[in-house]
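Residue-level listing of the chains:
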Amino acid sequence: MSTFLRLIRAEFIKLRRSPALRLIWLLPGLFVLVDFVVTGRFALGMRGMTPELQKLMINAPLKSIADQWSGYFHPLLIALLPALLLRPEHRFKAWKHLEVQPVGRRGFYLAKVTLLGLGFAGSLALVAVLLWSEWKLLGWLNPLARFAFPWQALGRVLGWSFLGSLPLLALYLWLADRINNAAVPVMFALVGLLLTMSLGGKELIPLWRRDFIPWVLPYTCAQQAIEDPSARQEVHSAQMPYYDPATEVVPTSKRVGRLRVTQTAPEALLKPPPPTPPWMLAVFSLVCGLALVGLGLVDSGRDRT
């Protein structure tokens, strides 16, 4: 067995007794519970089915991911998981012990990066499985709630969420390794959660000025991966237009004396800005994530004694 695989095995052994493992399954479980309270109980009470209601039912899992998970639980997972993975080293002051090991500190940090990626991906996969189980149970309790579960669409949304989270995951892991007090990275991460909730509703022209903010990037990637606009988040979706077509101002013209005055709506209200291209989001996430991982690797080799 190679040295790196031994490091991964050692990290998995530490994970079994770590709060990080409980967080990986606790947040998906809380999300499904909230989704049942918000959406599932209405599915249980259905007594008839219309084409409009059927479309809402099919989009319900994606809408839940766009609303509750991407808006609240996903940022919390990004915020807390990196700090909890490094909590054993900070809590038991194991840095001097690690310095005398035959493995370099950068190898230890790279193992933490791998474990963080696997744990985060596992939590997203658990979200999909639990959401499918919820709707399977609802369909068993109420046959009107049965429909073909959108595995492909859901996998695409969660995959883009993972991709958009890479910069923040790398940043928070570096902070958790750099700062001995594990509470400080958690504080930075919770402040980032507040930024996600506030900046996600800001409309800037062009939209990439908002979408490239690391705290908004996972939300934007998840929203753009949803093909049906009706399944996206209504409050601060990156794809929502700036105006309601029903209230569009119609240009009018009238004569005032010898002058003819024409009243029109501002162009910014009539033409919503184009969304940020997906390839730009993907390239930015990968480049920024790899750069921050490289920064953490370089900094992890410092002398802690």
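Quick note: structure is the one above.
Below you will find a few notes about this structure.

Rules and cut-offs
- Residues numbered from 1 in each chain as written.
- Predicted model: local features only at pLDDT ≥ 70, side-chain atom pairs only at ≥ 80, totals over all residues.
- Heavy atoms only, no water.
- Helix = DSSP H or I, 4+ residues; strand = E, 2+ residues; numbered from the N terminus.
- Buried < 20%, exposed > 50% of the residue type's maximum accessible area, 1.4 Å probe, protein only.
- Contact = heavy atoms within 4.5 Å.
- Areas by Shrake-Rupley, 256 points an atom, 1.4 Å probe, with all protein chains shown as cover.
- Patch = residues over 30% accessible without salt bridge, like charges linked within 9 Å, V, L, I, M, F, W, Y side chains within 5 Å.
- Salt bridge = Lys/Arg side-chain N within 4 Å of Asp/Glu carboxyl O.
- Lys, Arg positive; Asp, Glu negative; His and termini not counted.
- Charge placed at Lys NZ, Arg CZ, Asp CG, Glu CD.
- Core = buried A, V, L, I, M, F, W, Y, C linked by side-chain atoms within 4.5 Å.
- Phe/Tyr/Trp six-rings, centres within 6.5 Å; stacked < 30°, edge-to-face > 60°.
- Expected span 1.5 Å × (residues − 1).
- Bend = angle between axes of the 7 residues up to and from the residue.
- Polar contact = N/O pair within 3.5 Å; in protein donor to acceptor, adjacent residues only side chain to side chain.

**Here we look at the overall build of the protein**
- Scanning the protein from terminus to terminus reveals 12 helices and 2 strands.
- In sequence order, the protein lays out its α and β elements as α-α-α-α-α-α-α-α-α-α-β-β-α-α.
- By the burial criterion, 42% of the 305 residues in the protein qualify as buried.
- Intrachain contacts of the protein at a sequence separation of at least 6 include 79% that bridge at least 24 residues.
- Accessible surface, the protein as shown: approximately 16400 Å² in total, 68% of it carbon and sulfur.

**Description of a positive patch on the surface**
- A cluster of basic side chains, namely Arg6, Arg9, Arg16 and Arg17, defines a positive patch on the protein surface.
- Its location among the elements puts arginine 17 in the loop between helix H1 (3–15) and helix H2 (19–44).

**What to know about the nonpolar core**
- Ranked by size, the top nonpolar core spans 52 residues in total, and within it Phe31, Ile65, Trp69, Leu81, Trp135 and Leu154 carry the most contacts.
- Counting only elements with at least two residues in this core, the list comes to H2, helix H3 (51–85), helix H6 (105–141), helix H7 (151–178) and helix H12 (278–300).

**Some details on the packing of aromatic side chains**
- Under the defined criterion, the tally for this structure stands at 8 aromatic pairs.
- With a centroid separation of 6.0 Å and 65° between ring planes, the pair formed by phenylalanine 31 and phenylalanine 73 is classed as edge-to-face. One end of the pair, phenylalanine 31, is in helix H2; the other, phenylalanine 73, is in helix H3, with 42 residues separating them in the sequence.
- Given a relative accessible area of 13%, phenylalanine 73 falls into the buried group.
- Their ring planes at 5° and their centres at 4.5 Å tell us that phenylalanine 212 and phenylalanine 284 sit as a pair that is stacked.

**Let's talk about the pattern of salt bridges**
- Tallying each qualifying case throughout the model produces 3 salt bridges.
- In this structure, glutamate 11 and lysine 14 form a salt bridge, with 3.0 Å as the shortest nitrogen-oxygen distance. You can see glutamate 11 and its partner lysine 14 sitting in helix H1, 3 residues apart, about one turn around the helix.
- The class of glutamate 11 is buried, set by a relative accessible area of 3%.
- By relative accessible area, which is 30% here, lysine 14 ends up partly exposed.
- With a shortest N-O distance of 3.0 Å, arginine 178 and aspartate 299 are connected by a salt bridge.

**Quick look at H2**
- Here H2 contains 26 residues, and its C-alpha end-to-end distance of 35 Å stays within 8% of the 38 Å for a straight helix at 1.5 Å per residue.
- Phenylalanine 36 marks where H2 bends most, by close to 45°.
- Buried within H2 are the following residues: Ala20, Leu23, Ile24, Leu27, Pro28, Phe31, Val32, Asp35, Gly40 and Ala43.
- Put simply, serine 18 is the residue that caps the front of H2, since its side-chain oxygen is 3.1 Å from the backbone nitrogen of alanine 20.

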